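# Chain and residue survey
So the chains spell out like this:
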Amino acid sequence: MPEQHDQHLRDQVAKLERIVLRVEEGVGDVGVRVEGVSRRAEEVNDRLQALTRAFEDYVLVAARTANVQRAETRIGVVEGRLNSEFGHYKVVRNVATGMLQGFDTGIVSDDTMRDVGEELMIKTPRYWLAPVLVGLRAWIADEPEICDQALGVAFQRSPDKTSLFMALVLRRQGRGEASLRWLRHYLIALDPLELGREFAMVLESISQGAFGPAGVAMVQERLDEWRSQLLRDESREQAQIDRWRAELERHVGSSSADRFPRLAAISPQWPQMDEALARAAAHGSLIDAYATMAGEVHVPPARVEDHVDDILDQLVRGYDDEELPLRREHAEHQAVVDNGGDLDAARHALDTDLLALDRTHDYLTIQSESALNPGKLGVSRATQRMAVSSCHAWFDRAHALYTRDYRGGVPGDVRAVFDQTHTLAGAVFRLPSWTGSFATPMDELERDLAAHWRRAAQPFLASFDFPWTRRLILPVAVTAGLALCAFQHLGFLLAAVIVGGVWALVLWSQSQTAEQRREAARKQLQSAEQDSLRQLRGAGAEVVDWSTAFRQADQREQEVRAVIADLATAGVPTAAHERRRTETGTPDRSYT
Amino acid sequence: MEFERRRRVETRIEARAVAADKDRQLFGPAVRRSRGPRHAGLFEAVRRLDAGLDAATRAQLAEWIRAEYANEFGDVPLGMFAVCHLGPPFVDHRLDLWQSIVEHYAPADTVPEPFARARMMVRSGAYEFVEVYASGELKPVLKDGTVVA
């Protein structure tokens, strides 16, 4: 009976065991599925992120395309308005050019000139050039009264432009003295705080010697006066220094992370070092840009008259102040189109560019702009050099400040940081962060890092040790129990020997496997440690290279200062004017 | 007509000149003055501070430098930072003009703020010394006496 019970109980236990096994299998299955689901969730998440990025890109592109389209439409509208509102100015400009040509060749009858001049006078009631043309015709036809009246009207409309125009025309007709008188009117009419863009042309004519030595002396005197007047105000000087500082920023080099990859990877000071090196590289770039300018010998144009004509041409063709708001709007939209619809980039481009289109500037700004933005102001290389020369003090100060600032930003102590992120092994072994300064000798650093690796690896390696004590408790107890039973029945002794032996064999093979795993892990750790040490050594070598590169780039600062000092004396225009005297007599060439 | 126009314009310029003069009186000169070139006498004094003087002489010298700054430039720095000529292990030092302390530093030593930033400027070798002001402003002085500010 008890045997039956025993059998029944055993069956039940076996059944229970099977159920437990099935449950375990079930749980395992669920675990696998959960893992699968989480993997898929991750995949979905990744794809969602990719989709978000693609969508954001799309939105950006769409917005930019819309910006470009809008800007293009606006350009059309602005051009239309320019044409309808100021199109007749263009006619006047053409006529002015034609009239000057007519004077030169003498084949246009006086009546035609009179008719055209008077007609334009009526058609463009606010434009200064129309009465000037009437005056000019009267002057040629020797009608002083009409000439005086017409020029009076023109002078009212735009005193500076009229004076400059007359000064230039008289100059090209060889009336030196009268030309200088108009030039004086012109300079008096100007306010050094509010100079128009055409003043750059006057600078141009001085540098080209268009007004002869007497003109140069007069203009130079006036310019010096303005300069000292404006420079009394510290904030104005500061504005010019800031302008030059912005120019220096353009010469900052690019990042050199590819030259120092190891340093970039492990040093938290790298961004500052990279910045400092890029900024120091500006010296070389500045020397390239300005050294040639200092060394250039300016050859005055073969005929000063050519130049006077060019200036006259620019004055006649240039936009009138009234047109500027529309022209500016046009430039704004054009910048949006040029920058592919990127509004921020367009605004940035305009901020540095619009200055040349802006309404008026003080004299100091005109000088700086002639030096830095000659193309936009339409001045020649000689004028640019002269302007750089008169700006040398600002250039010098901006450069000294620029140099001071990046030098102050060089990190005093360059460090290396090794943590979980620097290698794959670091992540696997969860390496705690280690920091060392490159100021300490390299072998000391290497020893310290190796010791850090060993310390960090110890618990990891220990986890592979085979836990003999823990694993031996059960087998010893069972074998001992069986051995005790041997006092009752000798068969138990045999069982004890067999069980103990088999168990011992199993445990021994398990311990061997654990030992192999430990060995494999140790080897991996060792190679990871070697890898870290290689990185450290490489970065150390790069620190030395970087220091050399930085020192070399930084030392060129003195060369830049020498170039600026050369420029200070190089651009003075007197030499060119002394060589060349203004020709007198009737002009013998045609107006182009 | 023409004449009147011209006269009007000229008065305008004069008015502006007067305004500019006013500006100059208000804040122009102080800034200019503080940027005046440092003379050789100051260089000499700063160098002598370095050369192991006794406390009394050092205090006297520091006071002379302070007076010189106050008179000539209108602003007295907290102190200077310069390359040290004592030799290894020292590379640079700090001169405190107010407590007349000279502190020499080896490369590994930490320099207290606001002198720390001056250290890297001095290291370039381009400056005679760097003036450190209470406001935190650093004004390096070039070998020719020009102040970078």
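The rules we used
Numbers given to residues run from 1 along each chain, matching the order in which its sequence is written. Lettering of chains starts at A and numbering of ligands starts at 1, both following the order in which they are written. Side-chain atom pairs in this predicted model are given and counted only at pLDDT of 80 or more, local residue features only at pLDDT of at least 70, and totals for whole chains, interfaces and linings cover all residues. The basis for the side-chain values is all heavy atoms of the structure; hydrogens and waters are excluded. Put simply, DSSP H or I for four residues or longer makes a helix, DSSP E for two residues or longer makes a strand, and each gets a number counted from the N terminus. Contacts: residue pairs with any heavy atoms within 4.5 Å of one another. The accessible surface values rely on the Shrake-Rupley method and a 1.4 Å probe; as for residues, cover is taken only from the protein chains in view. With a 1.4 Å probe rolled over the protein chains alone, any residue whose accessible area is under 20% of its type maximum counts as buried; one over 50% counts as exposed, and the rest are partly exposed. In summary, the pairing rule links any two rings of Phe, Tyr or Trp, Trp by its six-membered ring, whose centres are within 6.5 Å, and it sorts them by plane angle into stacked for under 30 degrees, edge-to-face for over 60 and tilted for everything else. Two conditions define a charge located above a ring, namely a distance within 6 Å from the ring centre to NZ of Lys or CZ of Arg, and an angle within 35 degrees of the ring normal. UniProt positions are given in the numbering used here, feature names are shortened, and annotations may be inferred rather than shown by experiment. To estimate how far a helix should reach, multiply one less than its number of residues by 1.5 Å. By definition, two strands form a pair when at least two bridges between them are found by DSSP. Note on geometry: axes are C-alpha line fits, over the in-contact stretch for helices, and angles between N-to-C directions span 0 to 180 degrees. Basic side-chain nitrogens of Lys or Arg form a salt bridge, by our definition, when they fall within 4 Å of a carboxyl oxygen of Asp or Glu. Candidate patch residues must exceed 30% relative accessible area and have no salt bridge, after which like charges are joined if within 9 Å and Val, Leu, Ile, Met, Phe, Trp or Tyr side chains if within 5 Å. For every residue, the pLDDT score states the predictor's confidence, bounded by 0 at the bottom and 100 at the top. To define a nonpolar core, start from buried Ala, Val, Leu, Ile, Met, Phe, Trp, Tyr and Cys residues and group those joined through side-chain atoms within 4.5 Å. Residues counted as positive are Lys and Arg, residues counted as negative are Asp and Glu, and His and the chain ends are not counted. Two N or O atoms form a polar contact when they lie within 3.5 Å of each other; inside protein one atom must be a possible hydrogen donor and the other a possible acceptor, and for residues adjacent in sequence the pair counts only when both atoms belong to side chains.

What follows is about the overall build of chain B. When you go through chain B residue by residue, the secondary structure sums to 4 helices and 5 strands. Sequence-ordered secondary structure for chain B, helices as α and strands as β, is α-α-α-β-β-β-α-β-β. Looking at chain B alone, contacts between residues at least 24 apart form 42% of all its contacts between residues at least 6 apart. Of the roughly 7900 Å² that chain B leaves accessible, carbon and sulfur atoms contribute 55%.

Tallying secondary structure elements over chain A gives 25 helices and 2 strands in all. A total of 592 residues make up chain A; the buried ones form 44% of that total. Here chain A has roughly 31200 Å² of accessible surface; of this, 55% comes from carbon and sulfur atoms.

A separate point is the environment of B:Arg117. Its location among the elements puts B:Arg117 in helix α4 (residues 116-123). The sequence separation of B:Arg117 and B:Leu138 amounts to 21 residues, and the corresponding C-alpha distance is 8.3 Å. Aside from chain neighbours lying at most four places away, what touches B:Arg117 is A:Asp405, A:Gly408 and B:Leu138.

Moving on: the packing of aromatic side chains. Per the counting criterion, the structure on display carries 17 aromatic pairs over all chains. Ring geometry for A:Tyr89 versus A:Tyr127: centroids 3.9 Å apart, planes at 5°, classification stacked. Here A:Tyr89 is found in helix α1 (residues 2-105), whereas its partner A:Tyr127 is found in the loop between α2 (110-123) and α3 (129-140), with 38 residues between them in sequence. This pair shows no difference in class: A:Tyr89 is buried, exactly as A:Tyr127 is. Ring geometry for A:Phe155 and A:Trp182: centres 6.4 Å apart, planes at 55°, overall tilted. Here A:Phe155, found in helix α4 (residues 144-157), pairs with A:Trp182, found in helix α6 (residues 176-189); they are 27 residues apart in sequence, far enough to count as distant. Of the two residues examined, A:Phe155 and A:Trp182, each falls in the buried class. Its end group placed over the ring of B:Phe73, B:Arg38 keeps NZ or CZ at 4.1 Å from the ring centre. The ring of B:Tyr133 is capped by B:Lys139, whose NZ or CZ atom sits 4.6 Å from the centre of that ring.

Attention shifts here to the UniProt feature "transmembrane region" (unreviewed entry) in chain A. Here, the residues flagged by UniProt with the feature "transmembrane region" (unreviewed entry) are residues 490-508 of chain A. Within the segment residues 490-508 of chain A, helix and strand shares are 95% and 0% respectively, and the terminal C-alpha atoms sit 27 Å apart.

On to α6(A), then. Helix length check: α6(A), at 14 residues, gives a terminal C-alpha distance of 20 Å against a target of 20 Å (1.5 Å per residue), a fit within 8%. Taken together, the buried positions of α6(A) are occupied by A:Ala178, A:Ser179, A:Leu180, A:Trp182, A:Leu183, A:His185, A:Tyr186, A:Leu187, A:Ile188 and A:Ala189.

Looking now at the sheet that holds strand β1 (residues 79-83) of chain B. In space, the 5 strands of this open sheet follow the order β3-β2-β1-β4-β5 (chain B), with antiparallel pairing throughout. The outermost strands of the open sheet, each flanked by one partner alone, are β3 (101-105) and β5 (138-142) of chain B. Averaged over all neighbouring strand pairs, the angle between strand axes comes to 20°, with direction disregarded. Pairing of strand β4 (residues 127-132) of chain B with β5(B) involves 5 bridges; the strand directions are antiparallel. The residue of β5(B) that forms the bridge with B:Glu131 is B:Lys139. Each of β4 and β5 of chain B is contacted by helix α19 (residues 392-408) of chain A, which is oriented at about 75° to β4(B), the strand it contacts most. Lying over the sheet, helix α2 (residues 40-50) of chain B contacts β1, β2 (92-96), β3, β4 and β5 of chain B, oriented at roughly 85° with respect to β4(B).

Further remarks concern the side chain of A:Ser256. One can find A:Ser256 in the loop between α9 (234-249) and α10 (261-266). Take A:Ser256: its relative accessible area is 9%, and that puts it in the buried class.

Let us look at the pairing of β3(B). It is a general feature of regular strands that their side chains alternate between the two faces of the sheet. All names here are of chain B. One ladder, built from 5 bridges, connects β2 with β3; its direction is antiparallel. Residue pairing across strands places arginine 94 opposite glutamate 103, the latter belonging to β3. What sits between the antiparallel neighbours β2 and β3 is a turn of 4 residues, in which serine 100 has the positive phi angle 40°.

The next thing to look at is unusual backbone geometry. All names here are of chain A. Look at aspartate 142: it is not a glycine, yet its phi comes out positive at around 60°. Mapped onto the fold, aspartate 142 is located in the loop between α3 and α4. Relative accessible area serves as the criterion here: at 64%, aspartate 142 is assigned to the exposed category.

So, about the pattern of salt bridges. Residues and elements named next belong to chain A. Under the counting rule described, the total for this entry stands at 35 salt bridges over all chains. Between aspartate 233 and arginine 236 there is a salt bridge whose closest N-O contact spans 3.7 Å. Members of the salt-bridge network, linked through shared partners, are Arg245, Glu249, Glu275, Arg279, Arg404 and Asp405.

As a further point, take a nonpolar patch on the surface. Where nonpolar side chains cluster on the molecular surface, the patch consists of A:Leu16, A:Ile19, A:Val20, A:Val23 and A:Val27 and spans about 440 Å² of accessible area. Residue placement: A:Ile19 occurs in helix α1.

As a further point, take the confidence of the model for chain A. Detailed reading of the predicted coordinates is not advisable wherever pLDDT is low. Summing up the model confidence of chain A, the mean pLDDT is 81 and the portion of residues at 70 or higher is 90%. The least confident element of chain A, judged by mean pLDDT, is helix α25 (residues 574-579) of chain A at 38; the most confident is helix α11 (residues 270-280) of chain A at 91.

All names here are of chain A. Relative to the 20 Å expected for 14 residues at 1.5 Å per residue, helix α5 (residues 159-172) spans 20 Å between its end C-alpha atoms, a close match to the ideal helical length. The buried count for α5 comes to 14 of 14 residues, which makes it a mostly enclosed element. Immediately beyond the C-terminal end of α5, within one or two residues, lies glycine 174, with a positive phi of roughly 80°.

Before going further, it helps to spend a moment on the nonpolar core. If you look at the biggest cluster of nonpolar residues, it comprises 136 residues, and the most contacted ones within it are A:Phe165, A:Phe199, A:Trp244, A:Leu263, A:Tyr290, A:Phe438 and A:Trp546. Tallying contributions element by element places helix α23 (residues 491-555) of chain A first for this core, with 11 residues. With sequence-adjacent residues up to four places away left out, A:Tyr290 is seen in contact with A:Trp244, A:Glu247, A:His251, A:Leu372, A:Val388, A:Phe395, A:Val563 and A:Leu567. B:Phe43, B:Val76, B:Met80 and B:Leu97 belong to the second largest nonpolar core, which has 19 residues in total.

Our next topic: the side chain of A:Asp274. Residues and elements named next belong to chain A. Checked against the element boundaries, aspartate 274 lands in helix α11. Despite its burial, aspartate 274 pairs with no opposite charge, the nearest such side chain being arginine 259 at 8.1 Å. A polar contact of 2.6 Å, which involves the side chain of aspartate 274, links it to the side chain of serine 255. Leaving out residues up to four positions away in the same chain, aspartate 274 has contacts with Ser255, Ser256 and Ala257.

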